[in-house]
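What follows is the residue order along each chain.
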Amino acid sequence: MRKPLLIVSFVLGAAFFLSGCTNSMDDMLSNYNGGYTYQTKTAEAYTIDNVTGENMLRDTYAIYFRSTLCLTAPAGAASYEWKVKLGENANGDKEGKETIIGTSKNLTLYVVESDLKRWSSYKLTLTVKKDTGLTYSDTADLYVY
């Protein structure tokens, strides 16, 4: 009586074990790794047609004085103008001088080679004009430390 019960339980156990292994090794690895891989979203085109003046720049940029500031404006505009206006420096001095620092879609500003001073704040303004004559403008605080 004991031997047939042992054989039946062994056969049922083996059947249960083998039926539970329907996944291949690749399937098991994919399922495991699926918890650690993320789907990337497709970026929406950054064009002048899907932005407004308020969302072209971030509110604030902070940059080390020996660094480079690289920014990109929305594509598809007729003209671009990047301007910097001195805010307040470490001495509390304020100047209202506004300087054009770029006229293309991409701004690459080598801070060391520019007139920007360390421990100063500036207003960075991007003005973009469409072919239709519409003009968008956005301003951000720029801190050089």
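Here the residue index of a chain counts from 1 through its sequence in written order. Predicted model: local features are reported for residues with pLDDT of at least 70 only, side-chain atom pairs are reported and counted for 80 or more only, and whole-chain, interface and lining totals are derived from all residues. Side-chain figures throughout are based on the complete set of non-hydrogen atoms in the structure, without hydrogens or water.

Visitor: Which parts of the structure should I look at to understand the overall build of the protein?
Guide: Every helix listed is a DSSP run of H or I at least four residues long, and every strand listed is a run of E at least two residues long, numbered separately from the N terminus. Scanning the protein for helices and strands turns up two helices and seven strands. Ordered by position in the sequence, the α and β elements of the protein form the string α-α-β-β-β-β-β-β-β. Each of the 145 residues in the protein was classed as buried or not, and the buried ones make up 26%. The contact rule is simple, with two residues in contact once any of their heavy atoms fall within 4.5 Å. At a minimum sequence separation of 6, the contacts of the protein that also span at least 24 residues come to 63%. Where accessible areas are quoted, they stem from the Shrake-Rupley method and a 1.4 Å probe; at the residue level, only the protein chains shown are allowed to cover. Taken as a whole, the protein presents about 10,800 Å² of accessible surface, with 55% of it coming from carbon and sulfur. Summary of the burial criterion: residues with accessible area below 20% of their type's maximum are buried, those above 50% are exposed, and those between are partly exposed, where the area comes from a 1.4 Å probe applied to protein chains only.

Visitor: Teacher, can you tell me more about the pairing of strand β2 (residues 68-72) here?
Guide: Working note: regular strand, side chains alternate between the two faces of the sheet. The two faces of β2 differ: L69 and L71 on one face are buried, but T68, C70 and T72 on the other face are not. DSSP calls a pair of strands paired once it identifies at least 2 bridges connecting them. In this sheet, strand β5 (residues 106-110) lies alongside β2 in antiparallel orientation, the contact comprising five bridges. Paired with T68 across the two strands is Y110, which belongs to β5.

Visitor: How should I be thinking about the nonpolar core in this particular structure?
Guide: The nonpolar side chains of soluble globular proteins are, as a tendency, buried together. What is meant by a nonpolar core is a set of buried Ala, Val, Leu, Ile, Met, Phe, Trp, Tyr and Cys residues, joined one to another through side-chain atoms within 4.5 Å. Core analysis: the largest hydrophobic core is formed by 26 residues, its most contacted members being L71, W82, L116, L124, V128 and L142. The set of elements that each furnish at least two residues to this core consists of β1 (60-63), β2, β3 (79-89), β5, β6 (120-129) and β7 (135-144). Apart from residues lying up to four places away in sequence, V128 is in contact with I48, M56, A73, P74, A77, S79, Y80, L134, T135 and Y136.

Visitor: Hey, could you run me through the pattern of salt bridges in this one?
Guide: What counts as a salt bridge is simple: a side-chain nitrogen of Lys or Arg found within 4 Å of a carboxyl oxygen of Asp or Glu. Inspection of the entire model under this criterion finds three salt bridges. One salt bridge connects E81 with K83, and the closest N-O pair in it is separated by 3.4 Å. Its relative accessible area of 24% is what places E81 among the partly exposed residues. By relative accessible area, which is 18% here, K83 ends up buried. Residue D141 pairs with K123 through a salt bridge whose shortest N-O separation is 2.4 Å. With D141 in strand β7 and K123 in strand β6, this residue pair connects regions lying 18 residues apart in the sequence.

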